[in-house]
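This is what each chain is made of:
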Amino acid sequence: MSSATDSPATTPALPLHMRRNGFDPVPDLAAARENDGVTQVATPFGARAWLVTRHADVRALLGDAETFSNGWQRPNSDLSPEEAAELRRGNLLGYDPPEHTRLRKMLTPEFTVRRMRRLEPRIVEIVDQHLDAMRRAGAPRDLVTDFALPVPSLVICELLGVPYADRDEFQTRTGTILDTSLPEDVRRQASLAQRAYMRELVERAQADPGEDMLGMLVREHGHELETPDLTGIASLLLLAGHETTSNMLGLGTLALLRHPDQLALVRDDPERVAPAVEELMRWLSIVHSGTPRVTTTEVEIAGRVIPAGEMVVFALPAANRDPELVDDPDALDITRKPTNHIGFGHGIHHCLGAPLARMEMRIAFPALLRAFPELRTAIPDDEIEFRSYHFVYGLKSLPVAW
């Protein structure tokens, strides 16, 4: 497989917490966890930060919103503070309590396990439709473009009320926004374009609210949420709703293909599917980190005293591979007992859509493997390309045959 650390000379160096060798964090990241636990690193934003790498420390950080604030501002931005604040409106990842609590409380009822179960028949239908389309088209097919990306995209589009016909445009913009190898102004323009698109949808929902989530927010909370708030909420849900799950489906399938004994369990034993999803979340940790935090007071982490006002980032791949969390952490083992992995984060910013993502994966993985019992990669291992520079790790493509 091509190394996730390979990069063209024109692209910036990857920060330590984003470096991978295929499925695995690079040895330097593991060394940072085993030696110091917290170390200063460069970030994609042009500033230095403290990198926290041990599971217990990352979990404590994520659980302490009072000490580790989301009030970080991108340095050297062309945006004025007022413009930056306007673009941040509605984005739950950019807020601390009480504003975060207020916004999340409005959305939480829509993402309960019970609500998600109502979607299960439709998700099954969407998965089956795409598998049938792959079968009709014949091998080889690109699993990313034909299955892993369109399935969660269609689900989140229907949930939000976003026209699925617009998917190519918003997926292209999302890919640009998340690609740290691109110039900052290119990514910012994509972000502004995405927000303008979502604002149009919000204004349409305000004029005629439907039965989707945007319509619900307008009907039930329109007196509390202004248009920029609704736009930010919808933008975050659209991005997170398809990027994370799609990359888990693509990368997770490749991981199972590399572990055929575990693939067989997922395919043939329904009781193994849910634990497999959790172990894949731990082992892959497709989200390298999260929103940088700023210390509000002096704090000690792993024996290091960090002053107030410092930027702190965290390495989910290192934390989820911590030997203190699980034995033999670098091995993929779907028969493990449940772990306290933090693939969905932790604390007040724990992934709001986790019940939806889990359901999509629990349906999609076994359905795919049963539909194509002879599924295999259609190109040599060293030609498989990873999305090394994206905030959400994954595959550029995955040609498969059966």
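Refer to the structure presented above.
Residues numbered from 1 in each chain as written. Predicted model: local features only at pLDDT ≥ 70, side-chain atom pairs only at ≥ 80, totals over all residues. Heavy atoms only, no water.

### Details of the packing of helix H7 (residues 150-160) against helix H11 (residues 227-257)
Where H7 contacts H11, the two axes come as close as 8 Å, and the packing angle between them is 155 degrees. Between H7 and H11, the crossing angle belongs to the class labelled roughly antiparallel. Of the two elements, H7 crosses H11, and the hand of that crossing is right-handed. Mapping the contact onto sequence places Pro152, Ser153, Ile156 and Leu160 in H7 and Ala234, Leu237, Leu238, Gly241, His242, Thr245, Ser246 and Leu249 in H11. Tallied by class, residues from the contact of H7 with H11 come to 7 nonpolar, 5 polar and no charged. (Axes fitted to C-alpha atoms, helices over the stretch in contact; angles between N-to-C directions. Helix = DSSP H or I, 4+ residues; strand = E, 2+ residues; numbered from the N terminus. Parallel < 35°, antiparallel > 145°, perpendicular 65-115°, else oblique. Left-handed = near helix turned anticlockwise from the far one by under 90°. Contact = heavy atoms within 4.5 Å. Nonpolar A, V, L, I, M, F, W, Y, C, P; charged D, E, K, R; others polar.)

### Comments concerning the side chain of His242
Counting through the fold element by element, His242 comes out in helix H11. Excluding residues that lie within four positions of it along the chain, His242 makes contacts with Leu149, Pro152, Ser153, Ile156, Phe170, Gln171 and Thr174.

### Comments concerning the environment of Gln262
With respect to the helices and strands, the residue Gln262 is situated in helix H12 (residues 260-268). On the basis of relative accessibility, which here comes to 8%, the residue Gln262 falls in the buried class. Each C-alpha atom, one on Gln262 and one on Ala276, is 8.5 Å from the other, the two residues being 14 residues apart in sequence. (Buried < 20%, exposed > 50% of the residue type's maximum accessible area, 1.4 Å probe, protein only.)

### Let's talk about the packing of H12 against helix H15 (residues 354-371)
Where H12 meets H15, the axes come as close as 8 Å, and the angle between the chain directions of the two elements is 100 degrees. In terms of their interaxial angle, H12 and H15 are classed as roughly perpendicular. Residues Leu263, Val266 and Arg267 of H12 touch H15, and the partners they reach there are Phe365, Pro366, Leu369 and Arg370. Residue composition of the contact of H12 with H15, grouped by class: 5 nonpolar, no polar and 2 charged.

### Brief notes about unusual backbone geometry
Residue Pro98 follows Pro97 across a cis peptide bond; omega there is 10 degrees. If you trace the backbone, Pro98 turns up in the loop between helix H3 (81-88) and helix H4 (99-107). Of note, the bond from Ala139 into Pro140 is cis; its omega dihedral lies within 30 degrees of zero at -5 degrees. Position of Pro140 relative to the elements: it lies in the loop between helix H5 (113-137) and strand E6 (141-142). Unlike most non-glycine residues, Ala302 shows phi in positive territory, near 50 degrees. Relative to the helices and strands, Ala302 is located in the loop between strand E8 (299-301) and strand E9 (304-306).

### With respect to helix H8 (residues 167-178)
In a regular helix each residue adds 1.5 Å, so 12 residues correspond to 16 Å; H8 covers 16 Å between its end C-alpha atoms and thus fits that length. Taken residue by residue, H8 has Phe170, Gln171, Arg173, Thr174, Gly175, Thr176, Ile177 and Leu178 as its buried positions. The inward-facing, buried residues of H8 contact H7, helix H9 (184-207) and H11. (Expected span 1.5 Å × (residues − 1).)

### Considering the environment of Met248
The topology assignment puts Met248 in helix H11. Note: C-alpha distance between Met248 and Ile286 (38 residues apart in sequence) is 7.0 Å. Not counting residues up to four positions away in its chain, the partners in contact with Met248 are Thr253, Leu280, Met281, Leu284, Ile286, Met361 and Phe365.

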